[in-house]
Amino acid sequence: MVVLSNDELAVQVAEHGAELSSIVAKATGKEYLWQADPAFWKRHSPVLFPIVGSVWEKKYRVDGKEYEL
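These numbers come from a predicted model, not from an experiment.

Rules used in this analysis
Residues numbered from 1 in each chain as written. Predicted model: local features only at pLDDT ≥ 70, side-chain atom pairs only at ≥ 80, totals over all residues. Heavy atoms only, no water. Pairing = 2+ DSSP bridges. Helix = DSSP H or I, 4+ residues; strand = E, 2+ residues; numbered from the N terminus. Axes fitted to C-alpha atoms, helices over the stretch in contact; angles between N-to-C directions. Salt bridge = Lys/Arg side-chain N within 4 Å of Asp/Glu carboxyl O. Buried < 20%, exposed > 50% of the residue type's maximum accessible area, 1.4 Å probe, protein only. Contact = heavy atoms within 4.5 Å.

Colleague: Which parts of the structure should I look at to understand the sheet that holds strand S2 (residues 9-13)?
Modeller: The pairing of strands in a sheet comes from backbone hydrogen bonds and takes either a parallel or an antiparallel form. Taken in spatial order, the 3 strands make up an open sheet running S1-S2-S3, and their pairing is antiparallel. Two strands in the sheet have a free side with no partner beyond their single neighbour: strand S1 (2-5) and strand S3 (20-25). Going across the sheet, the axis of each strand differs from the next one's by a mean of 15°, ignoring polarity. Where S2 lies against S3, 5 bridges are found, and the strand directions are antiparallel. Residue pairing for S3: Leu-9 is matched across the bridge by Ala-25.

Colleague: Help me understand the pattern of salt bridges in this model?
Modeller: Counting across every chain of the model gives 2 salt bridges. In this structure, the salt-bridge partner of Lys-59 is Glu-66, at a minimum N-O distance of 4.0 Å. The class of Lys-59 is partly exposed, set by a relative accessible area of 35%. Its relative accessible area of 43% is what places Glu-66 among the partly exposed residues.

Colleague: Sorry, what's going on with the environment of Val-62 here?
Modeller: Here Val-62 lies in strand S4 (residues 59-62). Owing to a relative accessible area of 39%, Val-62 belongs among the partly exposed residues under this scheme. As a C-alpha pair, Val-62 and Ile-51 span 11 residues in sequence and 13 Å in three-dimensional space.

Colleague: Just checking my understanding: could you explain the side chain of Ser-21 for this structure?
Modeller: Structurally, the position occupied by Ser-21 is in strand S3. By relative accessible area, Ser-21 is classed as buried at 5%. With residues up to four places along the chain from it excluded, the contact list for Ser-21 reads Met-1, Gln-12, Ala-14, Leu-33, Trp-34, Gln-35 and His-44.

Scope: geometric values only; no functional claims are made or implied.
Following this line, the structure appears as structure tokens:
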């Protein structure tokens, strides 16, 4: 596991596949990623960036602004 941190966040990244495993806010200790609770699902969920699949006419909109993908 590789740990990256700054004054605000601590991030854990798996060495195999660079999958995010943890994002913690240092000020509050709040965890922002699923922690693989075996009672429900014992694995992490990969963060797929920027999107999975395709978009209509290779364009998408965020906050009213259009982007091409």
